[in-house]
Amino acid sequence: MKKILNLIFISASLMVVSSCESFLTLTPEDSLAAENFYINKAAIRANTAVLYSSKPWFDFHSNFMFYAGDMMAGDMYYTYDQEGHYYYNSVTPTNSYLRTGWVGLYRVISFANSVINDMPEAARNNGVSETDINGGLGEAYTMRAMAYFFLTEYWGEVPIIENATGLITSSDPEAIYVKRNTQNSLYKFMARDLERAIPLLPETDEAGRATKWSAMGLLAKVYLTYGAFTGNSEYYGLAKTYAKDAVDGAKANGYDLYDDYRSLFDVSANNCCESLLAIQCITGDYGDGNARNANFSRSSRIADQTWGAGKGPTISLQELYSEDDLRRKAVFMTNGDFYSGLATAEGGYTYQYSYRDPADLDVSVENANEMLAHCKKYVIGKAADCGGAVGLNQDAGNNLYLLRLADVMMAYVEACIGTGNETSDATAISYLDEILGRAGLVNPYSSITFMELITERRKEFALEGINWMDVKRVWYRDHTAGLNYLNDMDRDKKYVFNWASDNFTYDTAGNPTYTIEEQYVWENDKSNYVTVWESMNISMDNADGTMNEDYYKGAEWLEANNHRVRNIVFTDASMYLPIPEAEATNAPILKEPAVEYDFGE
């Protein structure tokens, strides 16, 4: 797949949606190119490979995927500018990342549509076999459903577009000039796409491509979510059947849990036995690769491009992991953690809250952030650390998972719970044995409740950009429980260095009596930090500039004395993102009430 992606962009460029006037339509020149392009199986395969490539997905996965999937879900702390809106639950229609997420997903849908609508007839006219045509259709149906799954869980009601003809205004080529469809219609549409895809896809294929088990696994998640949305036990039953069939079929054809969770997100695990669907990332131009390495990396000690100094796992996420959970170090880094695969030129990387230049301790190279931890998942370091799989265009070569086998296994467990509260299904418990066993843990469950499963899923899929989907299912089942789940995370809690500590003494002239060497030691001692709240009606300093020692009395004291200002509060209105203003302005029809989709049945 990687070699194909490197080769196909020139030959397929006439077909790629982003080369067109609009990201939703193909121009007549592109339609003509279809007749000349789909001349054999290799041509179909070359073009459907683009469906998995980073380019069409990039606007979605480069930022929005983890802003919405991890920050809104309460797993990642980050407060900077418009990115911080997702952490603060304050996203407005003008948020620039909101539109890139929307456009990125519709770009994938548009490319899938071009395959579905233009490929079959063109290929038949060129004598290509129905088997080869069907294989390409199965891939396009699967990836279109994947894109719509994200759109639905973030926006709820969005337009279903199978063929963009007539949907674009002449004055605004990028306006989706069509009404939104109901969420009920969207689940039906995704299910239809995936039910079409399953018989068309092979049981095994070239690494990285969708198989029958990919479509089945995704369909299980669609029905699981549809069941939570409607409370209909029939959909849970379908989810259970499809999840079990997907797991059984996948395992019979060489898929399984990857042995080592700690390397599951490295280049070495690309298209591994656990990967059912993934965005294929390569080094090259901007947009070709995985931008998480740059977005999550803490400093230049780890990566050449670093935007992750202010990002970190929330305290509530950190507190979920036990000390013997092997997944923890793969998810986030904290004091004392050693990574032999990072900073290899230095002999490996040891995480410290604070790291000062050994030659000049007055120079802080790495500072503690508000979580006293940084992100590790998908961080693979510099080119020298990973066999050259990192470029200088935010383009790391480790794939981004869209669907793992572990996800489908846990979907089966949730489907067994159904509209109830727990399950002791033997197969469900055996799946948990496998997943927790890989994490180095003994499965404590002979029966598991819904919320216990959500907690286990949170740990397994943290920082993969998908946990918001779990939050939504909690909310669909019980709005109050869903809001409590979010609001009880105390995601506004953070660490600050305790300058009121008795360590920091001064002489009568106000000069410190401690040395920088002593301060450096204290900076890496967690007992010298105190938790406070992100927003308070008390300041760090008094009006005269002197230290306000009350600020350092800790989060519990501050809240007990009414100093906490709850600035992150979810309501039912928070559970769907607004339509990007640019889209609604270009096409005011998007503001009209959603309608049921006409399936022509």
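Residues numbered from 1 in each chain as written. Predicted model: local features only at pLDDT ≥ 70, side-chain atom pairs only at ≥ 80, totals over all residues. Heavy atoms only, no water.

## Observations concerning the pattern of salt bridges
Thinking step 1. In the structure shown here, the tally under the stated rule is 44 salt bridges.
Thinking step 2. Here Glu-274 and Arg-404 are joined by a salt bridge, their closest N and O atoms 2.6 Å apart. Placement of the pair is Glu-274 in the loop between helix H10 (233–252) and strand S2 (275–279) and Arg-404 in strand S10 (residues 400–404), with a sequence separation of 130 residues.
Thinking step 3. Owing to a relative accessible area of 0%, Glu-274 belongs among the buried residues under this scheme.
Thinking step 4. Residue classification places Arg-404 among the buried residues on the basis of a relative accessible area of 1%.
Thinking step 5. Linking Lys-459 and Glu-456 is a salt bridge whose minimum nitrogen-to-oxygen distance equals 3.5 Å. Taken together, the positions of Lys-459 and Glu-456, both in helix H16 (residues 450–461) and three residues apart, correspond to about one turn of that helix.
Thinking step 6. Since its relative accessible area comes to 5%, Glu-456 is described here as buried.
Thinking step 7. A cluster of three or more residues bridged by salt bridges with shared partners is formed by Glu-274, Asp-325, Arg-327, Lys-377, Arg-404, Arg-438, Glu-460 and Glu-464. (Salt bridge = Lys/Arg side-chain N within 4 Å of Asp/Glu carboxyl O. Helix = DSSP H or I, 4+ residues; strand = E, 2+ residues; numbered from the N terminus. Buried < 20%, exposed > 50% of the residue type's maximum accessible area, 1.4 Å probe, protein only.)

## Looking at the nonpolar core
Thinking step 1. Counting residues in hydrophobic clusters, the biggest one holds 178 residues, and the most contacted among them are Trp-57, Tyr-86, Tyr-148, Phe-150, Tyr-154 and Trp-155.
Thinking step 2. The element that contributes the greatest number of residues to this core is helix H6 (residues 96–125), accounting for 15 residues.
Thinking step 3. Formed by ten residues, the second largest nonpolar core is a distinct cluster that contains Met-536, Ile-538, Tyr-552 and Ala-555. (Core = buried A, V, L, I, M, F, W, Y, C linked by side-chain atoms within 4.5 Å.)

## Examining the confidence of the model for the protein chain
Thinking step 1. The share of residues in the protein chain with pLDDT of 70 or more is 92%, and the mean pLDDT across the chain is 92.
Thinking step 2. In this model residues 3–32 is a low-confidence stretch, pLDDT under 50, and it forms 66 contacts with partners more than four residues away in sequence or in other chains.
Thinking step 3. Here residues 166–171 is modelled with pLDDT under 50, and outside its nearest four sequence neighbours on either side it reaches twelve contacts, counting other chains as well. (pLDDT = per-residue confidence, 0-100. Contact = heavy atoms within 4.5 Å.)

## Examining the pairing of strand S8 (residues 360–366)
Thinking step 1. Here three bridges tie strand S7 (residues 355–357) to S8, and the two strands are oriented antiparallel to one another. Looking across to S8, one finds that Tyr-355 is bridged to Glu-366. (Pairing = 2+ DSSP bridges.)

## Quick word on unusual backbone geometry
Thinking step 1. Not every positive phi belongs to a glycine, and Asn-271 is a case in point at roughly 55 degrees.
Thinking step 2. Tracing the chain through its elements places Asn-271 in the loop between H10 and S2.
Thinking step 3. Backbone geometry places Ala-343, a non-glycine residue, at a positive phi of 50 degrees.

## Some details on the layout of surface pockets
Thinking step 1. Taken as a whole, the largest pocket holds about 630 Å³ of empty space.
Thinking step 2. Considering the residues around the largest pocket, the lining is formed by 32 residues, among which Arg-328, Lys-329, Ala-330, Phe-332 and Tyr-339 are closest to the centre.
Thinking step 3. Where the lining of the largest pocket is concerned, the elements lending two or more residues are helix H12 (315–318), helix H13 (328–331) and strand S5 (338–339).
Thinking step 4. At three residues, the largest contribution of residues to the lining of the largest pocket is made by H13. (1 Å grid on protein atoms, 1.4 Å probe; cavity = no way out; pocket = protein on both sides within 12 Å on 5 of 7 lines; lining within 4 Å. Points joined across faces, edges and corners; volume = space filled by probe spheres on them.)

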